[in-house]
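Chain by chain, the residues run as shown.
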Amino acid sequence: MRNRLIDQIREDGFAVIDDFLTPDEVQELLQVGQNLHKDAPKEERKVFSAKADSKSAQSREQYFLESADKVRYFFEEGAVGENGELLVDPAIALNKVGHALHTEHPAFEEVTFSDRVKEVCWQLGFRRPAVAQSMYIFKNPGIGGEVKSHQDATYLYTEPSTTIGFWIPLEDATLQNGCLHFIKGSHKSGVHRRWIRNPDKGADELLVYDRPAPLYPQSNFVAVPVKAGSCVLIHSQAVHRSDANKSDRSRHAYTFHVIETEDCEYSKENWLQPAEDHPFPVLYERK
């Protein structure tokens, strides 16, 4: 398994592990996720935009920036009216919940710090891996928005590049409901742009892109539909995207990112920074 995983990530920039979670584990996380909306704030509903644009709400919000050790709630663009009122059923209004589910919610903590995750990190050569952030992504039917083509390293930059995403669908991810699409081998071309803390402290935008969005031919992408409970491992420089969910079936997923902390620098320009009293939790230390 080790050689296959390493070879596939080195070659393609991603790899799929089938049956990573048991059906019972999938159902437990799905049930927890389906109830997360009950804890969402009733006031000041924050909308999350996956559009590649520094004018989005999260580029201006401390609510977003200060979420490394907290659970924050982000709504779909079409779910909230001009005065903050919900336009859809609360059960399908959320875009995602993050970024510390792995430490703040027992069900997600159990999966994230499981022996299976540690074993994968060990096989990939991590020496002192830490979990930087986690998210529950809803991709609800009819309203689940498109995620534009991007690299995770744009947002979670390390030197050298070590970040690996664990993306675990809790429902089958299909062509109809917004499965992931990748450009195979795109991780070999470096980091195309970064989203960084604005050096201009007087500006409205707290976060800015350091260069324009690259253009990726749609014909270069391959769809990667996967079954619930599988795990897609994503190299931080692999270009990927997902379409809007136009179907009548949701595509819930749990995802988190692991970084190397030994002989590796996590950029202080990244949007997400660990709280002083809450460093990124370490999975293990290789002796």
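Whatever comes next refers back to the structure up there.
Residues numbered from 1 in each chain as written. Predicted model: local features only at pLDDT ≥ 70, side-chain atom pairs only at ≥ 80, totals over all residues. Heavy atoms only, no water.

(A) Representation of the overall build of the protein within the structure. Each helix and strand in the protein was counted, giving six helices and 16 strands. The globule rule puts the C-alpha radius of gyration for 287 residues at 19 Å, and the 18 Å found for the protein is close to it. On the principal axes, the C-alpha backbone points of the protein span a range of 55 × 45 × 45 Å. Summarising the internal contacts of the protein: among those between residues at least 6 apart in sequence, 82% fall at separations of at least 24. Of the roughly 13,400 Å² that the protein leaves accessible, carbon and sulfur atoms contribute 48%. Each charge class in the protein can be summarised by its mean position, and for the 34 positive and 44 negative side chains these summaries are 3 Å apart. (Helix = DSSP H or I, 4+ residues; strand = E, 2+ residues; numbered from the N terminus. Rg over C-alpha atoms; globule rule 2.2 N^0.38 Å. Contact = heavy atoms within 4.5 Å. Areas by Shrake-Rupley, 256 points an atom, 1.4 Å probe, with all protein chains shown as cover. Lys, Arg positive; Asp, Glu negative; His and termini not counted. Charge placed at Lys NZ, Arg CZ, Asp CG, Glu CD.)

(B) Examining the sheet that holds strand β4 (residues 94-99) more closely. Pairing is mixed across the open sheet formed by eight strands, whose spatial order is β1-β13-β8-β15-β5-β4-β3-β2. Of all the strands in the sheet, the pair left with one neighbour each is β1 (14-17) and β2 (46-47). Summarising the sheet, β4 and strand β5 (residues 129-137) pair through four bridges and their orientation is antiparallel. Residue Gly-98 lies in a different strand from β5, and its bridge partner there is Met-135. Docked against the sheet, helix α6 (residues 115-123) engages β1, β5, β8 (164-169), β13 (231-235) and β15 (253-260), running at close to 145° with respect to β8. (Pairing = 2+ DSSP bridges. Axes fitted to C-alpha atoms, helices over the stretch in contact; angles between N-to-C directions.)

(C) A look at the packing of aromatic side chains. Taken as a whole and judged by the stated rule, the model has eleven aromatic pairs. Ring geometry for Tyr-254 versus Phe-256: centroids 5.6 Å apart, planes at 40°, classification tilted. No difference in accessibility class separates Tyr-254 from Phe-256, as the two residues are buried. One aromatic cluster in this structure is built from Phe-108, Tyr-136, Phe-138, Phe-166, Tyr-254 and Phe-256. Here the basic side chain of Arg-193 rests over the ring of Tyr-209, its NZ or CZ set 3.5 Å away from the ring centre. (Phe/Tyr/Trp six-rings, centres within 6.5 Å; stacked < 30°, edge-to-face > 60°. Buried < 20%, exposed > 50% of the residue type's maximum accessible area, 1.4 Å probe, protein only. Lys NZ or Arg CZ within 6 Å of the ring centre and 35° of its normal.)

(D) A look at the sheet that holds strand β14 (residues 240-242). Taken in spatial order, the four strands make up an open sheet running β6-β14-β9-β12, and their pairing is antiparallel. Bordering the open sheet on either side are β6 (147-150) and β12 (222-224), each of which pairs with just one other strand. Direction aside, neighbouring strands of the sheet carry axes that sit 25° apart on average. For strand β9 (residues 180-182) and β14, the ladder comprises three bridges, and the chain directions are antiparallel. Bridge pairing in β14 places His-181 opposite Arg-241.

(E) Highlighting unusual backbone geometry. Cis geometry is found at the peptide bond from Gly-98 to His-99, where omega equals 15°. In the segment running from Glu-159 into Pro-160, the intervening peptide bond is cis, with an omega of -5°. Its place among the elements puts Pro-160 in the loop between β7 (158-159) and β8. Positive phi, close to 45°, is recorded for Lys-139, a residue that is not glycine. Of note, Lys-139 is situated in the loop between β5 and β6. Look at Lys-139 and you get buried, because its relative accessible area is 3%.

(F) Main features of a negative patch on the surface. Together, Asp-24, Glu-28, Glu-104, Glu-109 and Glu-110 line one region of the surface with negative charge. Those elements giving two or more residues to the negative patch turn out to be α2 (23-34) and α5 (106-112). Relative to the helices and strands, Glu-28 resides in helix α2. (Patch = residues over 30% accessible without salt bridge, like charges linked within 9 Å, V, L, I, M, F, W, Y side chains within 5 Å. Salt bridge = Lys/Arg side-chain N within 4 Å of Asp/Glu carboxyl O.)

(G) Region of interest: α6. Listed in full, the buried residues belonging to α6 are Val-117, Val-120, Cys-121 and Gln-123. Along the axis of α6, the buried positions cluster into a sector of 165°, meaning they face one direction only. Backbone geometry just after α6 places Gly-125 at a positive phi near 95°. (Arc of directions from axis to C-beta.)

(H) Inspection of the nonpolar core at higher detail. Judged by nonpolar contacts, the single largest core of 42 residues is most densely connected at Phe-166, Leu-170 and Leu-233. Once residues within four sequence positions are removed from consideration, Phe-166 is found in contact with Val-117, Val-120, Cys-121, Cys-231, Val-232, Leu-233, Tyr-254, Thr-255, Phe-256 and Val-258. Counting 15 residues, the second largest nonpolar core, distinct from the first, contains Leu-65, Ala-68, Trp-195 and Trp-271. (Core = buried A, V, L, I, M, F, W, Y, C linked by side-chain atoms within 4.5 Å.)

(I) Looking closely at α2. End to end, α2 covers 16 Å across twelve residues, agreeing with the expected 16 Å (1.5 Å per residue, within 8%). Regarding α2, the residues found buried are Val-26, Leu-29, Leu-30, Val-32 and Gly-33. Along the axis of α2, the buried residues cluster in a sector spanning 160°; they form a single face. With respect to the buried face of α2, the exposed residues turned more than 90 degrees away are Pro-23, Asp-24 and Gln-31. At its buried positions, α2 is contacted by α5 and β5. (Expected span 1.5 Å × (residues − 1).)

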